[in-house]
Amino acid sequence: MMLPLKLGFHRWLSSRKATETGPVTLGRRRIYLLPSRSGLLFSLVLMAMLIGAVNYQNSLAFALTFLLTALSVVSIVHTFRNLHGLNLHAGHPSPVFAGEPARFHVHVENRIGRDRFALNLSFKGQQPVTLDLPRQGGQWLTLTMPSEQRGLLHPGRITVSTRFPLGLFYAWSHVHLAMPCLVYPQPASQRGLPPELLNQQGETGDQGIGHDDFAALRSYHPGDSLRHVHWKSAAREQGLLTKQFGGARTGALWLRWEQSPNLPREERLSLLTRWVIEADKLDLAYGLALPDREFSPAQGEAHRRRCLKALALYGQPQAES
């Protein structure tokens, strides 16, 4: 008899913890409601008023007591309806570095033909965000959470609550949206690339992709740095051209796992993260070689994101190929 009840409870608990994809609608089975502290105190006051009315047989005291009781009962319906039918949809959080606050974007939509007031949304242990929604309207809001470790940060459940209209009752619901945030390793404090890495670039000779001396102009290719675009040619309506440079710094820069052998894993990842950032700032063609994967030398924002993502997910079971 007890075993089916336990199994049913565990299935119910598991379903509550599972993440949900797509828009989530708060139905009546998802909303919970209890008296707030103010509501409990208000109930004690009503009990005292009722006792006084009975003791003194005062008709006005009875009328006032029953009127306030009726108002509190009606407020239960309005508190519940303030959440019922609310729609929530998860946005795509932007990656952050470890130690920075992760920002999760949630779209809250009111498809009902009535206004909603004093809606509170928050993660566990975080400050809530309060908003009002007009009828047939929606709003994007941002919930923050500290990021302490690299990898995928799953924020957990969002608590949606309200005390509208009188604050006597507290209605809430939990929504577990699937919106993991990618957390890059915290960059090492050491800025700049080591000289031994920069010296790698002189090994292949001048190939017209350095940064020292102007060499020539070529047609613009998507992904070229805007700092190298020859804007004067564009102003003369000669098309988009990219400036090429020659010099000693022409070879591809390789950032390898083995270049910092005496550091623990997390410190090594932080150092590689710093090198990726610095190489991108210098607009260098760089490659990244990790024990489990390798990225060919390239430039641009897309390459930077690929390298940082690989560093963030290195050695973790949820790492994507």
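Just above sits the structure.
Residues numbered from 1 in each chain as written. Predicted model: local features only at pLDDT ≥ 70, side-chain atom pairs only at ≥ 80, totals over all residues. Heavy atoms only, no water.

(A) Molecular detail of the pattern of salt bridges. Under the counting rule described, the total for this entry stands at nine salt bridges. Salt-bridge contacts for Glu-266 lead to Arg-265; the nearest nitrogen and oxygen are separated by 3.6 Å. When salt bridges that share partners are traced, they join Asp-280, Glu-301, Arg-304 and Arg-305 into one network. (Salt bridge = Lys/Arg side-chain N within 4 Å of Asp/Glu carboxyl O.)

(B) Region of the structure containing the sheet that holds strand E6 (residues 116-123). Strand order in the open sheet formed by five strands is E2-E11-E10-E6-E7, with antiparallel pairing between adjacent strands. Lying at the two open borders of the sheet, with one neighbouring strand each, are strand E2 (32-35) and strand E7 (129-133). Taken over all neighbouring pairs, the strand axes of this sheet differ in orientation by 25° on average, direction set aside. Along the sheet, helix H3 (residues 59-81) makes contact with E2, E6, strand E10 (158-162) and strand E11 (169-175), crossing E11 at roughly 20°. (Pairing = 2+ DSSP bridges. Helix = DSSP H or I, 4+ residues; strand = E, 2+ residues; numbered from the N terminus. Axes fitted to C-alpha atoms, helices over the stretch in contact; angles between N-to-C directions. Contact = heavy atoms within 4.5 Å.)

(C) Expanded view of the sheet that holds strand E5 (residues 101-110). Strand order in the open sheet made by the four strands is E1-E3-E5-E8, with antiparallel pairing throughout. The two strands at the open ends of the sheet, each matched to only one other strand, are strand E1 (24-25) and strand E8 (137-146). Two strands pair when backbone bridges link them, and E1 and strand E3 (residues 86-90) are joined in this way by two bridges, in the antiparallel orientation. Looking across to E3, one finds that Thr-25 is bridged to Asn-87.

(D) How the structure looks around helix H6 (residues 265-281). Between its terminal C-alpha atoms H6 stretches 25 Å, which fits the 24 Å expected from 17 residues at 1.5 Å a residue. Across the 17 residues that make up H6, a large majority, twelve, are buried. Here H6 has its buried residues at Arg-268, Leu-269, Ser-270, Leu-271, Leu-272, Thr-273, Arg-274, Trp-275, Val-276, Ile-277, Glu-278 and Ala-279. Backbone geometry just after H6 places Asp-283 at a positive phi near 60°. (Expected span 1.5 Å × (residues − 1). Buried < 20%, exposed > 50% of the residue type's maximum accessible area, 1.4 Å probe, protein only.)

(E) View of the nonpolar core. Core analysis: the biggest nonpolar cluster contains 30 residues, and Leu-88, Val-106, Leu-121, Ile-158, Val-160 and Leu-177 have the highest contact counts within it. Where this core is concerned, the elements lending two or more residues are E3, E5, E6, E7, E8, E10, E11 and strand E12 (181-184). The element that contributes the greatest number of residues to this core is E5, accounting for four residues. Filtering out sequence-adjacent residues up to four positions away, Leu-88 remains in contact with Gly-22, Pro-23, Val-24, Leu-26, Val-106, His-107, Leu-121, Val-160, Val-175 and Leu-177. Listed in part, the 28 residues of the second largest apolar core include Leu-197, Trp-257, Ile-277 and Phe-295. (Core = buried A, V, L, I, M, F, W, Y, C linked by side-chain atoms within 4.5 Å.)

(F) Looking closely at the environment of Leu-288. Residue position: Leu-288 is located in strand E16 (residues 286-289). Judged by its relative accessible area of 0%, Leu-288 falls in the buried class. Separated by 31 residues in the primary sequence, Leu-288 and Trp-257 place their C-alpha atoms 8.2 Å from one another. Residues within four places of Leu-288 in sequence aside, it is in contact with Trp-254, Leu-255, Leu-272, Arg-293, Glu-294, Phe-295, Cys-307 and Leu-311.

(G) Expanded view of the side chain of Arg-274. Tracing the sequence through the fold places Arg-274 in helix H6. Since its relative accessible area comes to 7%, Arg-274 is described here as buried.

(H) Summary view of the packing of helix H2 (residues 37-56) against H3. Orientation of H2 relative to H3, taken along the N-to-C sense of each, is 155°, at an axis distance of 9 Å. On the basis of the axis angle, H2 is roughly antiparallel to H3. As H2 runs across H3, the sense of the crossing is left-handed. On the side of H2, the interface is formed by Phe-42, Leu-46, Met-49, Leu-50, Ala-53 and Val-54, while H3 contributes Ala-61, Phe-62, Leu-64, Thr-65, Phe-66, Leu-68, Thr-69 and Ser-72. Partitioning the contact of H2 with H3 into residue classes produces eleven nonpolar, three polar and no charged. (Parallel < 35°, antiparallel > 145°, perpendicular 65-115°, else oblique. Left-handed = near helix turned anticlockwise from the far one by under 90°. Nonpolar A, V, L, I, M, F, W, Y, C, P; charged D, E, K, R; others polar.)

(I) Structural detail: unusual backbone geometry. For the peptide bond that leads from Phe-164 to Pro-165, omega is 5°, which places it in the cis range. Summarising the element assignment, Pro-165 is placed in the loop between E10 and E11. Despite not being glycine, Asp-283 shows a phi value in the positive range, around 60°. Mapped onto the secondary structure, Asp-283 falls in the loop between H6 and E16. Asp-283 sits in the buried class, given a relative accessible area of 11%.

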